[in-house]
Amino acid sequence: MLRRLQFIALRILIFFFGISIIWVIILRFLPVWVTPFMLSRKIDALMDDKDTEIHHDWEPYENISKEVALAVVASEDQNFPKHWGFDFDQIYDAMTEDRKRARGASTISQQVAKNVFLWHGRSYIRKGLEVYFTILIELIWDKQRILEVYLNVAEMGKMTFGVEAASLRFYKKSAKKLSRYEAARMAAVLPNPVRFSIKNPSPYVMKRTNQIVRQMRYLGGQKYIADL
C-alpha cells in the first residue's frame, strides 16, 4: 500500500511539474487576460454586494510609456534588471530591520508569480510555490516579458488592473501618453491600490510620487531599462 501511495504521489508531482512548465511557456507568448487575483477580487465584491466589474485592458510593452515601466522599477524593485528573481540584500534588510510592521521585499518577478499563477494568502505552501514559479518565469521568460506582464496585471485601483486600464480610467488617456509625474503617481499607489488613489491622491501619495520621480532621475532615466 505504501509503495502504491508513493507511486501515485510521484505521478501527481510529475503531472504538476509538466503542467506548470507548459503553462509558463504558453504565457511567455499570450496575453494574460485574467488572473486568480482578479477572480478573487470579483468574488469578494460579489459577496459584499458591490460593483463586480473588472477594469482590465492588455497592452503590449511597446504601447506602454517607458516612464511607467521605469516608475514601477524605481518604486518596487530597483535591482530588477540585475537579479534572477530574488533580491537577497532586500530580503536580509527586511528581516533584520527593527520595525513595527515588516516591509515587503518581493521583487517584480515574485509579484508576477504570485498574481498570475497563485492565490493570495499566507502559508508555507503558497510561499514555496511562489519561489518555484518565480524561478520558472526567470528561466523561461525574459526581463521585458516579466515587466510587461506586471504592468498589465498589477492592481492600480479598486477593481482596476494594469496601467492601460488605470490610465484610461483615472487620466482619461492611453498609458502610452503618460508623463513622468503621472507614471510616478501610478507607481506610488502600488503598495495599497485600494486605500490609495491615483485620481484623488493623498498627501502621502503626493510625497511618494515626488520621491519616485527623484529615484527615476537617479537611475538615469529610461536608459536604465532600455536593455531588458
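1. Some remarks on the pattern of salt bridges
Part 1 of the argument: One pass over the structure, following the stated rule, counts 8 salt bridges.
Part 2 of the argument: Here Arg41 makes a salt bridge to Glu155, at a shortest N to O gap of 3.0 Å. One end of the pair, Arg41, is in helix 2 (residues 36-47); the other, Glu155, is in strand 2 (residues 155-157), with 114 residues separating them in the sequence.
Part 3 of the argument: Its relative accessible area of 24% is what places Arg41 among the partly exposed residues.

2. Regarding the sheet that holds strand 2
Part 1 of the argument: The strand order across the open sheet formed by 3 strands is 1-3-2, and the pairing between neighbours is mixed. Edge strands, defined here as strands with exactly one partner in the open sheet, are strand 1 (55-56) and strand 2.
Part 2 of the argument: The pairing of strand 1 with strand 3 (residues 160-161) spans 2 bridges and is parallel. By the bridge assignment for strand 3, His56 is matched with Phe161.

3. Describing a nonpolar patch on the surface
Part 1 of the argument: Judged by side-chain polarity, Leu13, Phe16, Phe17, Ile21, Ile22, Ile25, Ile26, Phe29 and Leu30 come together as a nonpolar surface patch covering roughly 800 Å² of accessible area.
Part 2 of the argument: Its place among the elements puts Leu30 in the loop between helix 1 (2-27) and helix 2.
Part 3 of the argument: Since its relative accessible area comes to 45%, Leu30 is described here as partly exposed.

4. What to know about the packing of helix 9 (residues 180-188) against helix 10 (residues 203-218)
Part 1 of the argument: Two elements in contact, helix 9 and helix 10, have axes whose closest approach is 8 Å; the angle formed by their N-to-C orientations is 120 degrees. As judged from the angle between their axes, helix 9 and helix 10 are oblique. Handedness of the crossing formed by helix 9 with helix 10: right-handed. Residue-level contacts link Arg180, Tyr181, Ala184, Arg185, Ala187 and Ala188 of helix 9 to Val205, Met206, Arg208, Thr209, Asn210, Ile212, Val213, Met216 and Arg217 of helix 10.
Part 2 of the argument: Each residue belonging to the contact of helix 9 with helix 10 can be placed in one class, and the counts come to 9 nonpolar, 2 polar and 4 charged.

5. Section: the nonpolar core
Part 1 of the argument: Counting residues in each nonpolar core, the largest one holds 59 residues, and the members touching the most others are Val112, Phe117, Trp141, Leu147, Leu151 and Met186.
Part 2 of the argument: Among the elements that take part in this core, helix 3 (residues 66-76) stands out by supplying 7 residues, more than any other.
Part 3 of the argument: In this structure Phe117 touches Trp23, Val24, Leu27, Pro36, Val112, Phe133, Ile137 and Trp141, once residues within four positions along its chain are discounted.

6. Overview of helix 9
Part 1 of the argument: Within helix 9, 7 of the 9 residues are buried, which leaves the element mostly enclosed by the surrounding structure.
Part 2 of the argument: Of the positions making up helix 9, those classed as buried are Glu182, Ala183, Ala184, Arg185, Met186, Ala187 and Ala188.
Part 3 of the argument: Buried-residue contacts for helix 9 involve helix 3, strand 2, helix 8 (163-170) and helix 10.

7. Topic: the environment of Ser197
Part 1 of the argument: Here Ser197 is to be found in the loop between helix 9 and helix 10.
Part 2 of the argument: Along the sequence, Ser197 and Met186 sit 11 residues apart, while their C-alpha atoms lie 8.6 Å from each other.
Part 3 of the argument: Among residues more than four places away in sequence, those in contact with Ser197 are Val189 and Val205.
Part 4 of the argument: A polar contact is formed between the side chain of Ser197 and the backbone nitrogen of Lys199, at a distance of 3.2 Å.
Part 5 of the argument: Polar side-chain contacts of Ser197 include one of 2.9 Å to the backbone nitrogen of Asn200.

8. Some details on the side chain of Arg185
Part 1 of the argument: Within the element layout of this structure, Arg185 appears in helix 9.
Part 2 of the argument: With no salt bridge to any partner, buried Arg185 finds its closest opposite charge in Glu182, at an N-O distance of 6.7 Å.
Part 3 of the argument: Sequence-distant contacts of Arg185, that is, excluding residues within four places in its chain, are made with Tyr171, Ile198, Lys199, Pro201, Val205 and Thr209.

9. Some details on the packing of aromatic side chains
Part 1 of the argument: Within the structure shown, the criterion is met by 12 aromatic pairs.
Part 2 of the argument: The interplanar angle of 85 degrees and the centroid separation of 6.1 Å between the aromatic rings of Phe37 and Phe161 together place this pair among those described as edge-to-face. Note that Phe37 is positioned in helix 2 and Phe161 in strand 3, a separation of 124 residues in sequence. With respect to burial, Phe37 and Phe161 carry one shared label: buried.
Part 3 of the argument: Arranged with centres 4.7 Å apart and planes meeting at 5 degrees, the rings of Phe117 and Phe133 form a pair that is stacked. Taken together, the residues span a long stretch of sequence, with Phe117 in helix 5 (residues 108-117) and Phe133 in helix 6 (residues 124-140) at a distance of 16 residues. As far as the burial class goes, Phe117 and Phe133 line up, both buried.
Part 4 of the argument: Ring pairing ties together the aromatic residues Phe16, Phe17, Trp23, Phe117, Tyr132, Phe133 and Trp141, which thus form one cluster.
Part 5 of the argument: The ring of Tyr61 is capped by Lys66, whose NZ or CZ atom sits 4.6 Å from the centre of that ring.

So, how was this worked out
Residues numbered from 1 in each chain as written. Predicted model: local features only at pLDDT ≥ 70, side-chain atom pairs only at ≥ 80, totals over all residues. Heavy atoms only, no water. Salt bridge = Lys/Arg side-chain N within 4 Å of Asp/Glu carboxyl O. Helix = DSSP H or I, 4+ residues; strand = E, 2+ residues; numbered from the N terminus. Buried < 20%, exposed > 50% of the residue type's maximum accessible area, 1.4 Å probe, protein only. Pairing = 2+ DSSP bridges. Patch = residues over 30% accessible without salt bridge, like charges linked within 9 Å, V, L, I, M, F, W, Y side chains within 5 Å. Areas by Shrake-Rupley, 256 points an atom, 1.4 Å probe, with all protein chains shown as cover. Axes fitted to C-alpha atoms, helices over the stretch in contact; angles between N-to-C directions. Parallel < 35°, antiparallel > 145°, perpendicular 65-115°, else oblique. Left-handed = near helix turned anticlockwise from the far one by under 90°. Contact = heavy atoms within 4.5 Å. Nonpolar A, V, L, I, M, F, W, Y, C, P; charged D, E, K, R; others polar. Core = buried A, V, L, I, M, F, W, Y, C linked by side-chain atoms within 4.5 Å. Polar contact = N/O pair within 3.5 Å; in protein donor to acceptor, adjacent residues only side chain to side chain. Lys, Arg positive; Asp, Glu negative; His and termini not counted. Phe/Tyr/Trp six-rings, centres within 6.5 Å; stacked < 30°, edge-to-face > 60°. Lys NZ or Arg CZ within 6 Å of the ring centre and 35° of its normal.

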